[in-house]
Amino acid sequence: MASHYSGVMDEEKRITLRLPADLHEWLAAQAKYARRSLNSEIVYRLEAERAVVGGDDQLS
């Protein structure tokens, strides 16, 4: 699967994200295993899910 995220985004939006502690720990472990930052891991997983559900077609 091709990712649109190459480490540098054309435009960035900052958000505050609250996660349950166990989900945060799991994501941090996954990021460490993949040698990515936590932010990059979250972006990677969101883009992967977006590809599964059909991309930008569902924007309204």
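The paragraphs below set out a description of the structure included in this document.

Each value, and the rule that gives it
- Residues numbered from 1 in each chain as written.
- Predicted model: local features only at pLDDT ≥ 70, side-chain atom pairs only at ≥ 80, totals over all residues.
- Heavy atoms only, no water.
- Helix = DSSP H or I, 4+ residues; strand = E, 2+ residues; numbered from the N terminus.
- Expected span 1.5 Å × (residues − 1).
- Buried < 20%, exposed > 50% of the residue type's maximum accessible area, 1.4 Å probe, protein only.
- Arc of directions from axis to C-beta.
- Contact = heavy atoms within 4.5 Å.
- Salt bridge = Lys/Arg side-chain N within 4 Å of Asp/Glu carboxyl O.

## Here's the deal with helix 2 (residues 38–53)
Now for step 1: Helix length check: helix 2 (16 residues) gives 23 Å between terminal C-alpha atoms against 22 Å at 1.5 Å per residue, within 8%.
Now for step 2: For helix 2, the set of buried residues is S40, E41, V43, E47 and A48. Down the axis of helix 2, the smallest arc covering the buried residues is 165 degrees, so these residues share one side. Opposite the buried face of helix 2, by more than 90 degrees, sit the exposed residues L46 and V52.
Now for step 3: Considering only its buried residues, helix 2 is in contact with helix 1 (21–34).
Now for step 4: Backbone geometry just downstream of helix 2 places G54 in the positive-phi region, at approximately 110 degrees.

## What to know about unusual backbone geometry
Now for step 1: Positive phi is not limited to glycine here, since R35 has a value of about 60 degrees.
Now for step 2: Among the secondary structure elements, R35 is positioned in the loop between helix 1 and helix 2.
Now for step 3: Take R35: its relative accessible area is 79%, and that puts it in the exposed class.

## Description of helix 1
Now for step 1: Over its 14 residues, helix 1 extends 20 Å from the first C-alpha to the last, a length consistent with the 20 Å expected when each residue adds 1.5 Å.
Now for step 2: Where helix 1 terminates, the next one or two residues include R35, which has phi positive at roughly 60 degrees.

## Some thoughts on the pattern of salt bridges
In a structure, side chains of opposite charge can pair up when their charged atoms sit close to one another.
Now for step 1: On inspection of all chains with the given rule, the structure shows 4 salt bridges.
Now for step 2: Between E41 and R36 there is a salt bridge, and its shortest N-O distance comes to 2.7 Å.
Now for step 3: The salt bridge partner of R45 is E41, with a shortest N-O separation of 2.6 Å. Highlighted residues: R45 and E41, both in helix 2, separated by 4 residues, approximately one helical turn.

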